[in-house]
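Summary of the model geometry
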Amino acid sequence: MGIPVFILAGLLVHCVFLVSIFDIYFSSPLVHGMSPQQTPLPPPAKRVVLFVADGLRADSLYELNSNNRPQAPYLRGILENNGSWGISHTRVPTESRPGHVALIAGFYEDVSAVAKGWKENPVEFDSVFNESKYTWSWGSPDILPMFAKGATGDHVYTFCYTAESEDFGAQDAAELDMWVFDHVKSFFNSSRSNQTLFSALNEEKVVLFLHLLGIDTNGHAHRPNSREYKENIKKVDEGVKEIVSMIDNFYGNDGKTAFILTSDHGMTDWGSHGAGHPSETLTPLIVWGAGVNYPQKVTSQLFEDNFLKEWKLENLKRLDVNQADIAPLMASLIGVPFPLNSVGTLPLEYLNNTAHFKAESIFTNAVQILEQFKVKMSQKKETTLSFLFTPFKPLSDSEQINFLKKTRLYIQQQKYDEAVSLCKTLINLALEGLSYYHTYDRLFLGLSIAVGFVGWTTYVILVIIKTHTNLTKTVQINNKESTVLFYGFAFVGMIIAFFLLIQTCPWTYYVYCLLPVPVWYAVVRELRVIQDLATNLLSLHMGQSIGFFLVCTLGTEILVFSFFYRSTLTVGLLVFAAWPVITQLWVQAKTTALIWTLLCVLLAIFPLMPVVGREPNIPLVIATGLLTLLFSCFSLASLCKSKNKYRNNEDLKVHFYQMLSIALSTYVVSTTHDSLKNKQGLPVLNQIISWMTLVSSSVLPLLSPTFLFQRLFSILLSLMSTYLLLSTGYEALFPLVLSGLMFAWINMEQEALQHYGLSHKPKLAVFNFAYATDITQFRQLHLDDVRRSFFFVFFIVTAFFGTGNIASVNSFDPASVYCFLTVFSPFMMGGLLVLKVVIPFVLVSCAFEAVQGTTQLSSKSLFLIVLVISDIMALHFFFLVKDYGSWLDIGTSISHYVLVMSLTIFMMLMNGLAQLLTTKRLELPRRTKHHST
C-alpha cells in the first residue's frame, strides 16, 4: 500500500470511528406520526407570557446582595406573595438553542444541532408556539426564527433586532433587553388602532414570548459576578414589572394571563457555558397569574444543596422541575395540545386548579408520551427480524391497555390521587421504553466499531514490523492462499450486507459493520509476518519483553489519565526531566541535558495553572510579547554575526517583518483590551491589523531559509504573533517555553542517537530540511524510536492541556477572540479558538519533523508508531463513553473520545502541514539590475 493510499485509508477509518459515536449515542430522539393530545376541560388562562432571560443563573436571581436586598425586587415580591418558584434543571449541552427547544418543545435535542450553529432546524419538531392560535415573539435573530420556521400555517410572528447588535464590546448589552421591552409596548399601543391585530390579541390560546439576551451577552463580556451583569438583572426586573402592568391594563385585569420567567441555561464564573457544571445547569423558574398556585408556606424542606438558606427562602416551598417540564405546563395553562415530541412531565404543584383538572391533564400527558413509545416500538419492530426482536417487557400491549383502563376508571370514580400516581408511573415507564428502543442497536454497533478499531491497530503494527524493522523475513503469500482468503472475506461481507438489507438498516450501519471486513482481511494476509514475529519474540528474554510491555502500558495509561487530571502531565514532565540522568546521557552532553531538565520543569508548571480565561492578565500577555521581541533581537544579532555563506539580505528582511508583527500584536492586545474596558468597542484599525497578522503568519515562515534552527525560529515568531492576539493570560508564555523545550529535544535526540551508536552525528547548524529526504540515508527502527514517538504524543497532549483543560466546552473563553471580533458569531469564534489550540500542535509537529530528519528516519515509520499509541488511547476512551450518570460525566466522556479521535486525525493533517512548513520555500522575485548599453 503506497503512502498516500495508506494516509487516505487512515483518515477515512478514523473519520468513521469519530462519526460513529454520534450514531451510537446521539441519533435524533424524534419520531413522527403521533396524534395530538389535549386536556378535555376548559383551561384557566387565555394567554401565557414567557420571559426567557438568556444566561441567567438561579443564584444570581434569587440571592440577596451585600445590603441584604434582593437583586430583582419585583420578581422577589412575586415569588413571596403571588406565585410559585423553583429551579429548572437543564441538560448538556447548556447552549441557547437546545435550552429553548426544551422549554418550548419539551424535548432534549440531539447533538446534530451543533452543526447548524443552533439556528436552523436539523429536524422538524412540534412546539407550544406551533400548537397555539397566535404567538408573537421579540428578541434575538439566533433563536426566534427557528420556532417560526418549524410552525405550520402563518401564526407565529417574530420581531428581531439585527445580528450586529449582539456585540460583546458594545457600550451596554442591556440595551438588547430595552429594545425588546420598548417594542412590546409599542406593539400593544399600535394594536389599539389596528382592529385585526386587536381582535387577534383578544383570542384564546395566545403566547407572547420575550427573549432577553442582554444578561447572557454581559455575562460573556464581563463575567456573571460583574456590576454589568447584576445591573442588567435589575433592568430586566423593572422591564418585566412594566410589561406585566401594561398587559394587565390592556386586558382590563381579566385575570386570564399566566406569566412564566425562566432561563435557557446558566453560566460559569468565567463567563462561558456548554458543559454540565451546576452554575450552568441550574436556572430560575417563577410562575404566576391565571391558574398558578400561590406561594406555599412550609416549615422545613429537604434539598441536597444549601441554597434555601443562602437565599433566605427556607419557608417558601421550592418546586424543582426538569427544563422540558415547562412546555407541558404552558400547554396545560392555555389548553393547547401538548407538543407531540415532548418528554416533559406536567409539574402539577404549579397548578391552582381542581383535582379533576389535574388528573385529566396528567392523563393527557401520559397518553401523549405513550403515543411516542408506540411509534418508536413499531419502527424498531419493522426493522428487526422477528426472532431477534426483544420487546420492552414492562409496557407490553396488554400492560398499556391495563394502565389506561385503570386510570380512566379512577378518574370516573373521582379517585384523583390514585389516577395521578398511576399516570406518573406510566410516564416513567414510557420514557424508559423510549430510551430502550432508542439505544436498541447500541451494543451491536459498538462491537462492530471495536472490532474494526482493533483490526486497524493490529494492521498498523504489522506494517511497522514488516517495512521498518529487521524482525521478519519478507515472504510472499502464494496466489492460491491469497485467492481463498479474498473469497472467504468477500463471502463474510456479503452475509453481513444481506443481513442488514433484510432489516432495512440505515446506510451508516453498512459502513460500521462492513469496515472490519477489509481491515481484518489486510491483517490475515500478513499471517507470515505474525508467525515470524512470534518466533522472534519467543527467542527474546522473557523479562525484557514483559518489562517493555509494562512500560508501554504505563505510558499509555498516563496519557489517558491526563484527560481526567491535568496534573498527571506535570508528573510525566518531571520524569522526562530526569531522563538524561536515568539513561546516562548527561555524561556526554552536560549543558544540553541541563537546559532540557530546566525547560521540562518550567513546562511542568503549566498543567497546574487554572483553566484559561478564569483570571485574565493582559499585562502578562504584553510582557510575553516584549520577551519574544528580546529573543528575536538576540537571534537577529547572532544571524548577522554568523559568517554563513547562505545568508542574504532577504532573510534579514523576513526576520525584521516578523519582529514588527510581534510588536504590532503586543500593541493591539494592549489597546483593544483598554478600549473594551472603557466600553468603546473594538477599534477598526486594531481589527484590520489582527486579521492581516493572522493571514501573514501562514506565509512568512515559507520565505525564510530552510536551515533547521532558522526555519523553526521563523515558524515560532509567525505563530507567536497570532497567538498573542488570542491570549488573555498566562497561556501566552506557553508556546515560548514549549518551543524552547522542542529545540532542546532536537539536540537531546542527537545525543541519544550517538549514545546508542546508531549513526554519526550530523551537524544541526547546517542541517537543511529541503535536503533531508534522501532515501539512502534512512535507517531501520530501533526500540528507542518507540520512546521518541511516545515523547511526541505526550508533547501533543501537553500542548493541548498545558494551556487549560479544554476537554470541556465551557473552558473556552470568548474574550480570547476580542482582537478579531466582538459581535457574536459561533462559527467564526469557534474557528479562532480552534486555531489557538492548533498553534502549539504545529510547533510540536515541526519539531517532530526535525527529529525525524536528524535521526535519519523516514517520516512514515515514526508516524506509524504515533498512530498506534493514539489509537490505543482512542479505543480506551471508546469504552469509557457513557450516557448515564450526571450530565457532567456524560458530557465529559463524549468530549474525551471526540477529542482523542480529533487529535489523531489532526496529527495526520499536522504531519503534512509540518512537512510543508519546514521543507517548502517561497522565493520572492528579485529585482535585477539593468545595465545601460
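The structure contained in this document is the topic of the report that follows.

Rules and cut-offs
Residues numbered from 1 in each chain as written. Predicted model: local features only at pLDDT ≥ 70, side-chain atom pairs only at ≥ 80, totals over all residues. Heavy atoms only, no water. Helix = DSSP H or I, 4+ residues; strand = E, 2+ residues; numbered from the N terminus. Rg over C-alpha atoms; globule rule 2.2 N^0.38 Å. Buried < 20%, exposed > 50% of the residue type's maximum accessible area, 1.4 Å probe, protein only. Phe/Tyr/Trp six-rings, centres within 6.5 Å; stacked < 30°, edge-to-face > 60°. Pairing = 2+ DSSP bridges. Contact = heavy atoms within 4.5 Å. Axes fitted to C-alpha atoms, helices over the stretch in contact; angles between N-to-C directions. Core = buried A, V, L, I, M, F, W, Y, C linked by side-chain atoms within 4.5 Å. Expected span 1.5 Å × (residues − 1). Bend = angle between axes of the 7 residues up to and from the residue. Parallel < 35°, antiparallel > 145°, perpendicular 65-115°, else oblique. Left-handed = near helix turned anticlockwise from the far one by under 90°. Nonpolar A, V, L, I, M, F, W, Y, C, P; charged D, E, K, R; others polar. Salt bridge = Lys/Arg side-chain N within 4 Å of Asp/Glu carboxyl O.

A word on the overall build of the chain. For the chain, the count of helices and strands is 33 helices and 8 strands. Since a compact globule built from 933 residues should have a radius of gyration of about 30 Å, the 32 Å found for the chain is in line with a globular shape. For the C-alpha atoms alone, the extent of the chain along its principal axes is close to 95 × 70 × 65 Å. Every one of the 933 residues in the chain was classed for burial, and the buried ones make up 56%.

In this section: the environment of G488. Among the structural elements, G488 can be located in helix α18 (residues 479-502). The partly exposed category is assigned to G488, whose relative accessible area is 34%. Sequence separation of G488 and Q368 is 120 residues, and the distance between their C-alpha atoms is 50 Å.

In this section: the packing of aromatic side chains. Overall, the coordinates contain 59 aromatic pairs when judged by the stated rule. Centre to centre, the rings of F125 and F147 are 6.1 Å apart; their planes meet at 75 degrees, and the pair counts as edge-to-face. Here F147 lies in helix α6 (residues 144-149) and F125 lies in the loop between α4 (96-105) and α5 (128-131), a separation of 22 residues in the sequence. Ring centres of W745 and F791 lie 6.4 Å apart, and the angle between their planes is 40 degrees; this geometry places the pair in the tilted category.

What follows is about the sheet that holds strand β6 (residues 257-262). Within a beta sheet, neighbouring strands are joined by backbone hydrogen bonds and run either parallel or antiparallel to one another. Here 8 strands make up an open sheet; going across it, the order is β4-β3-β5-β1-β6-β7-β2-β8 and the pairing mixed. Two strands in the sheet have a free side with no partner beyond their single neighbour: β4 (156-160) and β8 (321-322). Along the sheet face, helix α3 (residues 73-81) touches β2 (84-89), β6 and β7 (282-289) and points at about 65 degrees away from the line of β7. Sheet contacts for helix α10 (residues 227-250): β1 (47-53), β5 (206-212), β6 and β7; angle to β6, the most-contacted strand, approximately 170 degrees.

Once that is clear, we can look at the nonpolar core. Note that soluble globular proteins tend to have their nonpolar side chains buried in a common cluster. Counting 149 residues, the largest nonpolar core has W596, W745 and F795 as its most contacted members. Among the elements that take part in this core, helix α31 (residues 826-854) stands out by supplying 15 residues, more than any other. Each residue touching W745, except ones within four places of it in the same chain, is listed here: W596, R788, F791, F792, F795, A847, F848 and V851. Judged by nonpolar contacts, the second largest core, of 68 residues, contains A105, L144, L348 and L426.

Attention now moves to α31. Spanning 29 residues, α31 covers 42 Å between terminal C-alpha atoms, matching the ideal 42 Å at 1.5 Å per step. Most pronounced at V838, the bend in α31 amounts to some 30 degrees, and the proline P840 follows within four residues. Most of α31 is tucked away: 22 of the 29 residues are buried. Positive backbone phi, approximately 55 degrees, marks Q856, located one or two places after α31.

Here N68, not a glycine, exhibits a phi torsion of approximately 65 degrees, which is positive. Its location among the elements puts N68 in the loop between α2 (58-62) and α3. Positive phi, normally seen in glycine, also occurs at T504, with a value near 40 degrees. Relative to the helices and strands, T504 resides in the loop between α18 and α19 (507-514). The exposure class of T504 is exposed, given its relative accessible area of 51%.

Here we come to the packing of helix α23 (residues 567-582) against helix α30 (residues 784-801). The contact between α23 and α30 brings their axes to 11 Å, and the two run at 140 degrees. Of the possible angle classes, the one that applies to α23 and α30 is oblique. Viewed along their axes, α23 and α30 form a crossing whose handedness is left-handed. Contacts from L569, G572, L573, F576 and W579 of α23 reach α30 at R787, F790, F791, F794, F795, V797, T798 and F801. Grouping the amino acids of the contact of α23 with α30 by side-chain chemistry returns 10 nonpolar, 2 polar and 1 charged.

To continue, consider the pattern of salt bridges. Enumeration over the complete set of coordinates arrives at 18 salt bridges. A salt bridge links K466 to E526, with the nearest nitrogen and oxygen atoms 3.2 Å apart. Here E526 lies in the loop between α20 (516-525) and α21 (527-539) and K466 lies in helix α17 (residues 442-468), a separation of 60 residues in the sequence. Taking the relative accessible area as the measure of exposure, K466 reaches 34% and is therefore partly exposed. If you follow the salt bridges from partner to partner, you end up with E749, D785, R787 and R788 in one network.

Now for the pairing of β7. Counting buried positions along β7 gives 7 out of 8 residues, so the element sits mostly inside the fold. Where β2 meets β7, 6 bridges bridge the pair, whose relative direction is antiparallel. Its bridge partner being in β7, S84 is matched across the sheet by V287. Alignment of β6 against β7, held across 5 bridges, turns out to be antiparallel. Along β7, the bridge assignment pairs I260 with V287.

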